[in-house]
Amino acid sequence: MMRGMHPLLRAALLVCPAEFRRHWAGELSADLDRRRAAPLPLGSTCLNIAWTGVRLHVENVWRDVSYAVRILAKAPVFVVVAVLTITLAIAANVTAFSILKGILLDPLPYAHGDRLAFISRTTHGADETNIDYPDTVDFGNRGRAFSEIAVEAPAHATLSGNGGPVEISGWYVGGDYFRVFGVRAELGRLLSPSDMGTRRIVISDELWRQRFDSSADVLGRRITLSGRTYSVAGVAPAHLLSPGPGFMAESDYWIPIEPRSANFRGNNAFYAIGRLRDGVTFAQAQADLSRIMAQIVRKFPNGNPQRGVLVRPLVDTLTAPTRMLIVMLYAAAILVLLIAAANIMNLQLVRAAAREREIIVRSALGATKKRLAVQLAAEVGLLSTGALLAAVALTWFCLNAISGFFARLGDQYGMRMIVPGWEHVRLNAPVLVYAVILTLLFTAIVPALPAYMRGANLAALLSAGGRTAGVERRAFARAFLATCELALAFAVVCVGALLFQSFAHMERTPVGFVERNVYAVGVDLPNTRRYFGYPALERFYARAESAFREVPGVADAAEALVAGLGSQSNTDYSLRHGLGVKTARPEAEQTVEYNCVTPRFFSTVEIPLLRGRLFAATDTSASQPVAIVSQSFAAANFGGMNNAIGKYVSVGESTGATFPLRRIVGVVGDVRHFLGDPPRAEVYLPFSQVTVPGEIVVRTNGDDPHLANDLTAALAKIDPTLAPPQIVSFLEMRSINELMTKIGAIIFFTLAAIALLLALAGVYGVVAYSAERRTHEFGVRISLGAHTSTIAGAVIREALVLGGIGVAIGTILAALAARGLTQMLYQTSPLDPAAFIGAAFLLALAVLLATCVPMLRAMRVQPATALRYE
Amino acid sequence: LLALADGERHGYSIIKEVEEATGGTVRLLAGTLYRLLKEMAADGWIVETEGDENDERRRYYRLTPRGRKVAIGESERLESLVRVARARKLLPAGRLV
């Protein structure tokens, strides 16, 4: 029809709805025919036609929408259920997406962050995360892969002057630190290689504002950190985050690494982050550093011969703890979305059945299949738009709630670490676009199935008054959808149950020491003569220990280098089997956890003595160096606890420096430093022989609200210039340690609940509809003397068949999903029968719950009513 | 509607008729007219006829009795408006429209 037409007219007609185009194309091309006497003006006519087309489209949409509003207003229950379903599904999905995007997809907050690599040391191929400073210098000097390498180690200090003393946290950094991250000073300058070995400091924007009133004359000012004086070189840009393995930290200051720890080979106290040279890949960088590490191992044969180096993208290190969880979260949210889609289709089918007559009449009056589909799309579109607005609000609420949760956590524990990338997680334009696209998909795909199902022979439908093959087909489709929902819901519930099981296992795991009523009290000692070296430190801790023990309610107190879950310190060690045996090469050399403790540490946290003796007052700096080892250490190195006593071990950063051989005098029970990790081999050294500042561990007889005040007062009596101590309970340390697992379990619990709820609604729809269609049948059966329990059985049977098939398919889905989850599970098999049976039980409960109402209704069918039905 | 009062016509001739009747001051555009024609047909004011068999591209319309009623009604409404306008001296009395 469009052939031989003026291209302008053809273009104008293309804008118009197809119906208008078909109707008037011939007429218009005749009107504009130049061969006739007075053709209509081409330009203005075509413009007018195009404009008319646009108006017609708008009118059509408006008509569909207002029709949809009228239709929906007649079915408020349907509207509420549908909007709620879509809202929950979209909100869950958009929340998951914004987290996925913010944390895993958005770039790091540094210039060319994708070119940054985290460099860590390995032992036996296992990642140790930390590295020593001289190694990084060798990497920089001899390597070709990195243009600069940033080296950092966390630091804490007491800032005095300008108001009372406060605890602040920062970093010891190498000279190239700020260049690697490509940041510029907000004021003054940042540290450079020439600042190494000096007492210069860069302070954070926040500290500058809070303590120095944003004044420009802070430059060159001398400030005192834990008794040492630094001169301010500059102010770092606002919101500069320092990366570490698995976290980002806000910091108050950056100071150069002390030369004595920098030049110490084997002091694995640093994190290293390198910037790749242009064109160098991560694999090339790995090869380059491995080569250099092999040279280092050859040059320093006394060091740990098993050490290697690992190079990986910084973003991988940062997101390692959360990546799996986030991906699983998003996958589960997609499943919930699918369930919701099935639910909406199901609801539409129920309504289609109810509206059969209306649709048949409209079809008979000439409404095309497409037209009917568009009409249905308008309805779903309207529902979706309402749901979209609600979902965006709900997402906003969820993200705020999670942010608030993190903020509270930070306040509570004085933690300044944040989940890397969390600052990107917000309801921004891309997330909104995603939400809108999701809604559009919901309007496009969801109505397609019911419209397709309506392809059944209309004439047959009309003549049979509804009882036709089309209806049967629809019933099958709905049962199929409900089964899919159940299968998907079962998979989500199973994964949730597995994570919950894993969390429960973790909760129950013995850590090897008591945590209730135990507190770690951190005291920051100034770097002055008063607290320098062995006798001074020992004197202070002895006084503090006895002062704390005097505090009412305190049962015991001791000093330890590390205490509580989530803290550790490791080093290399070597073994000698007898005193005086001068073997050139150590028989075994590995990494071991070590702790420096006072004698009462073991009784304070109740670590049991298994063999030999504990430390005693007779173990002094002048007496025989001694050590106590853990059960695992004894088993791994001596084949048992009895053999360990009397053997010798040398503990310390073994490369270069020499450390005394220590006689093993006792064996104690194993402890865990991280939930989910097995206990590691551990060596305890007496504080009197290895005097390093640590924390004072305090056990109380019960909850004491005045504990913090009392301890602070006791400390002030010893030295009034000390900042108030940081007191963290062991239980708080545990809850930080299990935070990720807990968050994972909570998230999956929520998603599983949503999935169950949606599936429940789906099953209800199917069973209720089917029961209603069988009203006639039930009435006849009851009138013929069937017992109500038979009728109830008929209804339940149908639901249980759906549930059974759903669980069977769901089990396969869940088993597949759980395989990917193995890494996140703790002492829980991915096919844990308890979790699967529990999930099946929950699902069965949901199915029965969904069946209750239709069943009761079916049982109460009055034969007379039933016969009048239809 | 007035253009259809004296018999059946097709779109083009309606445009020309209106143009002539108003001395060229009112020019109906094809798109607008055809949209109106469809609407009026949907409302049952006009009906499509078999028309001229020589020109099968053309669609011919004529007034239905109902359409005629609407046209008369609308004319009367306009007339009464004109009457009011005259009474208010907005239009000179006695002049034919």
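Residues numbered from 1 in each chain as written. Chains lettered and ligands numbered in written order. Predicted model: local features only at pLDDT ≥ 70, side-chain atom pairs only at ≥ 80, totals over all residues. Heavy atoms only, no water.

A. How the structure looks around the pattern of salt bridges. For the coordinates displayed, the defined rule picks out 24 salt bridges over all chains. Each of the salt bridges in this network shares a partner with another, and the network as a whole consists of A:Glu545, A:Arg549, A:Asp556 and A:Arg600. (Salt bridge = Lys/Arg side-chain N within 4 Å of Asp/Glu carboxyl O.)

B. Broad picture of the packing of aromatic side chains. Residues and elements named next belong to chain A. Under the definition given, this model contains 18 aromatic pairs over all chains. For the ring pair Tyr110 and Phe181, a centre distance of 4.7 Å and an interplane angle of 45° mean the geometry is tilted. Taken together, the positions of Tyr110 in the loop between α4 (76-105) and β1 (116-123) and Phe181 in helix α6 (residues 177-181) put the pair 71 residues apart, joining distant regions of the chain. Both residues of the pair, Tyr110 and Phe181, belong to the buried class. Judged by centre distance (5.2 Å) and plane angle (70°), the rings of Phe540 and Tyr541 are edge-to-face. With relative accessibility at 3%, the residue Phe540 sits in the buried group. (Phe/Tyr/Trp six-rings, centres within 6.5 Å; stacked < 30°, edge-to-face > 60°. Helix = DSSP H or I, 4+ residues; strand = E, 2+ residues; numbered from the N terminus. Buried < 20%, exposed > 50% of the residue type's maximum accessible area, 1.4 Å probe, protein only.)

C. Structural detail: the interface of chain B and chain A. At the interface, 20 residues of chain B touch 25 residues of chain A. Interface area for chain B against chain A, summed over the two sides, is near 1900 Å², with a carbon-plus-sulfur share of 51%. Counting across the interface, chain B meets chain A through zero residue pairs in polar contact (both at pLDDT 80 or more). Elements represented by at least two residues in the side of chain B that touches chain A include exactly α1 (11-21) and α2 (30-43) of chain B. Its residues assigned to classes, the side of chain B that touches chain A comprises seven nonpolar, four polar and nine charged. (Contact = heavy atoms within 4.5 Å. Buried area = accessible area lost by both parts, 1.4 Å probe. Polar contact = N/O pair within 3.5 Å; in protein donor to acceptor, adjacent residues only side chain to side chain. Nonpolar A, V, L, I, M, F, W, Y, C, P; charged D, E, K, R; others polar.)

D. Geometry of the confidence of the model for chain B. Residues with a pLDDT of 70 or more make up 74% of chain B, whose mean pLDDT is 74. Model confidence for the complex is summarised by a pTM of 0.71, with the ipTM given as 0.71. (pLDDT = per-residue confidence, 0-100.)

E. Structural detail: empty space enclosed by the protein. Residues and elements named next belong to chain A. Taken as a whole, this structure holds six cavities of 30 Å³ or more when the rule is applied. Roughly 150 Å³ of volume is contained in the largest cavity. Together, 13 residues line the largest cavity, and Ile99, Phe406, Trp422, Ile743 and Ile747 are the ones closest to its centre. Per-element accounting of the lining of the largest cavity gives the leading share, four residues, to helix α10 (residues 314-354). The residue makeup of the lining of the largest cavity, split by class, is 12 nonpolar, one polar and no charged. (1 Å grid on protein atoms, 1.4 Å probe; cavity = no way out; pocket = protein on both sides within 12 Å on 5 of 7 lines; lining within 4 Å. Points joined across faces, edges and corners; volume = space filled by probe spheres on them.)

F. Region of interest: a nonpolar patch on the surface. All names here are of chain A. Judged by side-chain polarity, Val15, Trp51, Val54 and Val58 come together as a nonpolar surface patch covering roughly 360 Å² of accessible area. Looking at the nonpolar patch, the element that brings in the most residues is helix α3 (residues 42-73), giving three residues. Tracing the backbone shows Trp51 in helix α3. (Patch = residues over 30% accessible without salt bridge, like charges linked within 9 Å, V, L, I, M, F, W, Y side chains within 5 Å. Areas by Shrake-Rupley, 256 points an atom, 1.4 Å probe, with all protein chains shown as cover.)

G. Broad picture of the pairing of strand β7 (residues 222-225) of chain A. All names here are of chain A. Going residue by residue along β7, you find Ile223 and Leu225 tucked away on one face and Arg222 and Thr224 left uncovered on the opposite face. Bridge count for strand β3 (residues 146-160) against β7 is two bridges, and the pairing is antiparallel. Paired with Ser160 across the bridge in β7 is Thr224. Note that β7 and strand β8 (residues 228-235) share four bridges and pair antiparallel. (Pairing = 2+ DSSP bridges.)

H. Expanded view of the sheet that holds strand β1 (residues 9-10) of chain B. All names here are of chain B. Pairing is antiparallel across the open sheet formed by three strands, whose spatial order is β1-β3-β2. Edge positions in the sheet fall to β1 and β2 (46-49), since each of these pairs with one other strand and no more. Note: β2 against strand β3 (residues 60-63), four bridges, orientation antiparallel. What sits directly across from Glu48, in β3, is Tyr61.

I. Region of interest: the environment of A:Ser204. Residue and element names in this part refer to chain A. Relative to the elements of secondary structure, Ser204 occurs in the loop between β6 (200-203) and α7 (205-212). In this structure Ser204 comes out as buried when scored by relative accessible area, which is 5%. Each C-alpha atom of the pair Ser204 and Ala236 lies 5.1 Å from the other, and the pair is 32 residues apart in sequence. Discounting chain neighbours no more than four positions away, the residues touching Ser204 are Val235, Ser251, Asp252 and Trp254. One polar contact links the side chain of Ser204 to the main-chain carbonyl oxygen of Ser251, over a distance of 3.5 Å.

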